[in-house]
Amino acid sequence: MPKKTTNKKATVKKASAKPSSRKPAAGRKPGSKNKDYTTSATTQTRCEKCGSTDRLPYSRQQLLDHHGTAPDGQPCTHVRLQWTGCKSCGQARIDRTYENNA
Ligand SMILES: [Zn+2]
């Protein structure tokens, strides 16, 4: 006696109404390219030796996973390390930029 197989298909309802996800921009705009690095929201880095904010162009950078809290209390997902140096006294340093890419 063959068993009759009932084709039970879960009817998936399609959400017709698009939820408008318009939040006040807290960080990067959605859909913005990865390429443009804006670090405007971060505090300006300063040379610890002479106090100058003039720095050399970043020679290299690295993005690290860092799920936690930035020094300003904001949640962050990544820390960007950028190698640079002081333009005034030549002191080398690594700038840390806390990013929230969630
Ligand atoms: Zn300096």
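Residues numbered from 1 in each chain as written. Predicted model: local features only at pLDDT ≥ 70, side-chain atom pairs only at ≥ 80, totals over all residues.

1. So, the overall build of the protein
Helix and strand content of the protein: zero helices and three strands. In the protein, the order of α-helices and β-strands from amino to carboxyl end is β-β-β. Looking at the protein residue by residue over its 102 residues, the buried ones come to 4%. Put simply, 45% of the contacts in the protein that link residues at least 6 apart link residues at least 24 apart. (Helix = DSSP H or I, 4+ residues; strand = E, 2+ residues; numbered from the N terminus. Buried ≥ 20, exposed ≤ 12 C-beta atoms within 10 Å, placed from the backbone. Contact = placed C-beta atoms within 7 Å.)

2. Some remarks on the sheet that holds strand S2 (residues 75–85)
Taken in spatial order, the three strands of this open sheet run S1-S2-S3, and their pairing is antiparallel. At either end of the open sheet lies a strand with only one pairing partner, and these are strand S1 (60–69) and strand S3 (92–99). Going across the sheet, the axis of each strand differs from the next one's by a mean of 25 degrees, ignoring polarity. The sheet contact formed by S1 and S2 spans eight bridges and is antiparallel. Bridge pairing in S2 places Gly68 opposite Cys76. (Pairing = 2+ DSSP bridges. Axes fitted to C-alpha atoms, helices over the stretch in contact; angles between N-to-C directions.)

3. Considering the confidence of the model for the protein
With 58% of its residues at a pLDDT of 70 or more, the protein shows a mean pLDDT of 78. When the elements of the protein are averaged for pLDDT, S3 gives the smallest value, 92, and S1 the largest, 95. Low pLDDT, under 50, characterises residues 37–41; the stretch is placed with two contacts to residues that sit more than four places away or in other chains. (pLDDT = per-residue confidence, 0-100.)

4. Description of the pairing of S2
Between S1 and S2, which pair antiparallel and follow one another directly, the connecting turn spans five residues, one of which, Gly73, has a positive phi of 90 degrees. Judged from the eight bridges that link them, S2 and S3 form a sheet pairing that is antiparallel. By the bridge assignment for S3, Leu81 is matched with Arg96. Connecting the antiparallel pair S2 and S3 is a turn made up of six residues, with Gly90 showing a positive phi of about 85 degrees.

5. A look at the environment of Tyr58
Mapped onto the secondary structure, Tyr58 falls in the segment before S1. It is 7.9 Å that separates the C-alpha atoms of Tyr58 and Gly85, two residues lying 27 residues apart in sequence. Discounting chain neighbours no more than four positions away, the residues touching Tyr58 are Gln82, Trp83 and Thr84.

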